[in-house]
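# Remarks on the overall topology
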Amino acid sequence: MAESVVTFLVGKVKSLLEGEVNLLSGIQAQVKDMVNELERIQAFLRVADAREDGDPQLKVWVKQVREVAHEMEDALDKFRLSYSNDPLRGFRTSLKKLTCIIKKWKACHEIAADIEGLNSKVRSLRERRDAYNLVGEAGSASSRRIGQRQFGQGDALLLEAADLVAIREPKKQLIELLMKHEPGRQVLSVVGMGGLGKTTLVKQVYEDPKVKKHFKVHAWITVSQSVNMNQFLRLMIHNIFQVIQKPPEEEVDSMDNNQLRERIKKLLQQSRYLIVLDDLWHIDAWDVINHSIPNNKLGSRVMLTTRNHAVAHASCLGKQGMIYLLEPLSVEESRSLLYKKTFQADSCPPNLKSICDCILSKCGGLPLAIVAIGAVLAAKDKRIVDEWTAICTSIGAEIQENDHLDNMKKLLYLSFSDLPYQLKSCFLYLSIFPDLYRIERMRLIRLWLAEGFLIEMEGKTPEEVAESYLKELWDRSLIQAAEIATDGRVKSYRIHNVLREIVISKSKEQNFAAIEKEKDIVWPEKVRRLSIVNSVQNVQKKRTPSTLRSLLIFGVEGSLSDFSIPKLFPIGLQLLTVLDLQGAHIEVFPKEVVKLVLLRFLSLRGSKVKQIPTSIKKLRYLQTLDLKHSHVVELPAEILNLKQLRHLLVYRYEVESYARFNSKYGVKVPAGICGLENLQKLCKIEANQDNGALMADLERLTQLRRLGILKLREEDGLALCLSIQKMKNLRALSVSSGEKEGTIDLSHISCAPEFLQRLYLTGRLENLPHWISSLQNLVRLFLKWSRLKEDPVVHLQRLPNLVHLELLQVYDGESLHFEAGGFPNLKLLGIDKLEELQLVKIDKGAEGIVS
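## A short note on the overall build of the protein
Within the protein, the secondary structure is distributed over 26 helices and 26 strands. Looking at the protein alone, contacts between residues at least 24 apart form 63% of all its contacts between residues at least 6 apart. Surface summary for the protein: the accessible area is close to 37,400 Å², and the carbon and sulfur share equals 50%.

Pasting the structure below:
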């Protein structure tokens, strides 16, 4: 965690040195010295971050590094603030100019003193670091591996077979998969989040008499989080010798990895074997093991358990593997397990039933959590209901403080500690969202971007880097899909309740974020992120830190109608970079917001704000301006000053029926909007202005991933087509005419964006644009009120990856023809209001399309 903070700071300072040379003139030498000092301890932090939990002294040192990095960031940003005012011009007096110059001179001297003091702190920390004598010691890393592996071996079987109330059917399925007649070596991966009982289930399969009899050689090896491959291969050989009842060869202990692999192959080559690899974490470990185990065509099998979907898929490439996804328990199964562990019965006392249901909702079907909490409840007096209620309402505190839950906490915490440093901050960020909250994918990506969590990767946009982070968190079973679009995209995520409590605990420990939900919650001294849930009344009675960087508000109703930053935060929020007021009941743009000149993310989504002030130009670092579902219908010309803007969302829906034409409302944008060349998303702009100049000017936005156009006139179609051809990165395009009978002319595209995945066309089409049938990556297509004369299905059914097709009043002809082999991947087809349709012809082999 400290490494990610320092890495972000180093990158930020370097970009300042490159991009704002004039700003830092006079203190460049000191700033460079600061960067050098930070880089000297940066490499060490990766080891320190991983080891701090087992070393209290080191933990204090890492905390101090993190705090100094935060102080440096604050000092630099305060200095930037002093230079952020517009230059004085015109009638402003020389005296005012002189005052401004004096203020900047004073700020320059203050930052110089601050940096010198902070550099001294960093040097002191570096000197203290040397006292640990940890850098470069091979033993330190290996000792960590051994310790982790011992924990994994000791605690992987925290669940007994009896704890898996639904074990019978999964066990039967796994045994059938293992013993089915297939001579080639096959891999069976059991995958799921920690605490589901993967190890317990596989152990039951492994020890089944039928399985033992079927496989001549069988070995169980726990791989665990960090593994020394030489030790692992030697352990594997010793296990095999033990099974075949021969003493191990003495020279095994002196073999290198290649010799060990060859020895394993020789030992297994003539036998039908079953090798279980328990708790496999990383693909590179699988690669080494995979090349050690022969494919002897005798029906041999490899089973592995893993939390990581990527590992499961890597081990099962081709036809030689199967993935078994272990799911959480159902509500009934969870209830049965809890009652069994708590009351040693199949039922519970009536006065405790609602409390037990509450606790089960927190456990989310995770057997390990249910068993561990059940053991705690079993020791409680059933007559003292308050004790039971306390566990339900403060399960996070219970996890942290109750020794009976310590093993569960350690097992689940392994998933966090194994994360790459750049993902730890991203994962901790999930703690700011309320319990059971659906976290919208793009909202999270934009927040990560504003927070500076995304490490630059060559050839990828920051948004693509964020997508890769989300995939890795999902692969590692740390997040779950909450909502999936019809084309397979994950629209929102959630985090398991028990895992969330552990993340919140880690967040508090590292002073990462605070959640204001209840009156008695105490904020950390220098909280940097604040999440306000349900009410702002408690905030007004508390001391507010001046170092706050992010403020997010959830579920606050009428109390925000007169939102005022000075009222809530009297000492100001000058350093704020994220302000998320989504869903707030605000009717007027808060005037104090434009004073937050360091803002990179501003959301008024779902508010009733109607107008954006011209002073928005002050927010020159803004990357995301989210006004979706607000009442803003026009943007001021001053929006053009926001040169770093990447995501501009200004539209709303009023959906009474999916068949209503005028259900979308966009925004009028000023001439020159296309000068914001960093834009990734621009939705939805009204095209009926500037006599078509706007549509032609769109060609400058070559980085666009998503574009939404409303009220397109037929005569502007050519200009829009020429612009779209230059948008090589476009993934989603939505175009609508101004009236239901209005024609949209998109026939002039000769080379459509290759990676276009989603296309929405609303309005009359003279002909189906020829280029649509060439879109190899198109997964979603909506055509509405097209009124085509020719059957569109003929041209669309060869689209290889189309998953969702909607056709509303799209065709005035009498027949549709679905050919055999057409729409190979279509999963959802909607057809409505084809009033002239008389006949639908479905060839043999195409029946599945309309079944």
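## Points about the sheet that holds strand β7 (residues 480-484)
The 3 strands are arranged β6-β8-β7 in an open sheet whose pairing can be described as antiparallel. With one partner strand each, in any of the chains shown, β6 (439-440) and β7 form the two edges of the open sheet. Pairing of β7 with strand β8 (residues 490-494) involves 4 bridges; the strand directions are antiparallel. Opposite Q480, over in β8, you have R494 as the bridge partner.

## Structural notes on the environment of I504
Residue placement: I504 occurs in helix α22 (residues 497-509). Given a relative accessible area of 11%, I504 falls into the buried group. For I504 and L430, which are 74 residues apart along the polypeptide, the C-alpha to C-alpha distance reads 8.5 Å. Apart from the residues lying within four places of it in its own chain, the contact partners of I504 are S431 and I515.

## Some details on helix α7 (residues 198-206)
When you tally the buried positions in α7, you get 8 out of 9 residues, the bulk of the element. Of all the residues in α7, the buried ones are K198, T199, T200, L201, V202, K203, V205 and Y206.

## Focus: the side chain of S415
Here S415 lies in helix α18 (residues 406-417). Within the structure, the side chain of S415 is placed 2.5 Å from the side chain of R307, a separation counted as a polar contact. Filtering out sequence-adjacent residues up to four positions away, S415 remains in contact with W281, R307 and L478.

## Quick look at the environment of V650
Within the secondary structure layout, V650 lies in the loop between β15 (647-649) and β16 (652-653). Expressed as a C-alpha distance, the spacing of V650 and I685, which sit 35 residues apart in the sequence, is 7.8 Å.

## Details of the nonpolar core
In this structure, M303, M408, F427, Y429 and W448 are the most contacted members of the largest nonpolar core, which totals 95 residues. Considering each element in turn, this core owes the most residues, 8 residues, to helix α15 (residues 367-378). Residue contacts for M303: discarding those within four places in its chain leaves L174, L178, L188, V190, V202, V205, L274, I275, V276 and L277. Residues L596, V609, V632 and L788 belong to the second largest nonpolar core, which totals 93 residues.

## As for the packing of helix α20 (residues 441-451) against helix α21 (residues 462-475)
Two numbers describe how α20 lies on α21: the axes approach to 10 Å, and their chain directions differ by 115 degrees. Note that α20 runs across α21; the crossing there is right-handed. Note on element contacts: α21 touches α20 through P462, E463, A466, E467, Y469, L470 and L473, opposite R441, M442, L444, I445, W448 and L449. For the contact of α20 with α21, a count of residues per class yields 10 nonpolar, no polar and 3 charged.

## Digging into the environment of E39
Relative to the assigned elements, E39 resides in helix α2 (residues 28-51). Looking at E39, the relative accessible area reads 31%, which means it is partly exposed. Considering only alpha carbons, one finds E39 and T7, 32 residues apart in sequence, at a separation of 8.4 Å.

## Section: the pattern of salt bridges
Scanning all chains against the criterion turns up 42 salt bridges. Among the salt bridges present, the one from D716 reaches R713, with a minimum N-O distance of 2.9 Å. In this structure R713 comes out as partly exposed when scored by relative accessible area, which is 24%.

## Overview of the packing of aromatic side chains
Applying the stated criterion to the full structure yields 16 aromatic pairs. Chaining the aromatic ring pairs together yields one cluster made of Y339, F343 and W388. For K203, the ring lying beneath its charged end belongs to W220, and the centroid distance is 4.3 Å. One residue, K684, lies across the ring of Y651, its end atom 4.9 Å from the ring centre.

## Here's the deal with the pairing of strand β18 (residues 681-686)
With 6 of its 6 residues buried, β18 lies for the most part within the structure. In terms of strand pairing, β15 meets β18 through 3 bridges, oriented parallel. For L648, the partnering residue across the bridge sits in β18 and is L682. The sheet contact formed by β18 and strand β19 (residues 706-712) spans 4 bridges and is parallel. Residue pairing across strands places I685 opposite I709, the latter belonging to β19.

## Quick word on the confidence of the model for the protein
Summing up the model confidence of the protein, the mean pLDDT is 84 and the portion of residues at 70 or higher is 86%. Mean pLDDT in the protein bottoms out at helix α5 (residues 138-155), which sits at 38, and peaks at strand β13 (residues 601-603), which reaches 98. Throughout residues 87-93 the model reports pLDDT below 50, and contacts reaching past four residues in sequence, or to other chains, amount to 4 contacts. Counted against residues more than four places away or in other chains, residues 134-156, with its pLDDT under 50, gives 34 contacts.

Cut-offs used in this document
- Residues numbered from 1 in each chain as written.
- Predicted model: local features only at pLDDT ≥ 70, side-chain atom pairs only at ≥ 80, totals over all residues.
- Heavy atoms only, no water.
- Helix = DSSP H or I, 4+ residues; strand = E, 2+ residues; numbered from the N terminus.
- Contact = heavy atoms within 4.5 Å.
- Areas by Shrake-Rupley, 256 points an atom, 1.4 Å probe, with all protein chains shown as cover.
- Pairing = 2+ DSSP bridges.
- Buried < 20%, exposed > 50% of the residue type's maximum accessible area, 1.4 Å probe, protein only.
- Polar contact = N/O pair within 3.5 Å; in protein donor to acceptor, adjacent residues only side chain to side chain.
- Core = buried A, V, L, I, M, F, W, Y, C linked by side-chain atoms within 4.5 Å.
- Axes fitted to C-alpha atoms, helices over the stretch in contact; angles between N-to-C directions.
- Left-handed = near helix turned anticlockwise from the far one by under 90°.
- Nonpolar A, V, L, I, M, F, W, Y, C, P; charged D, E, K, R; others polar.
- Salt bridge = Lys/Arg side-chain N within 4 Å of Asp/Glu carboxyl O.
- Phe/Tyr/Trp six-rings, centres within 6.5 Å; stacked < 30°, edge-to-face > 60°.
- Lys NZ or Arg CZ within 6 Å of the ring centre and 35° of its normal.
- pLDDT = per-residue confidence, 0-100.

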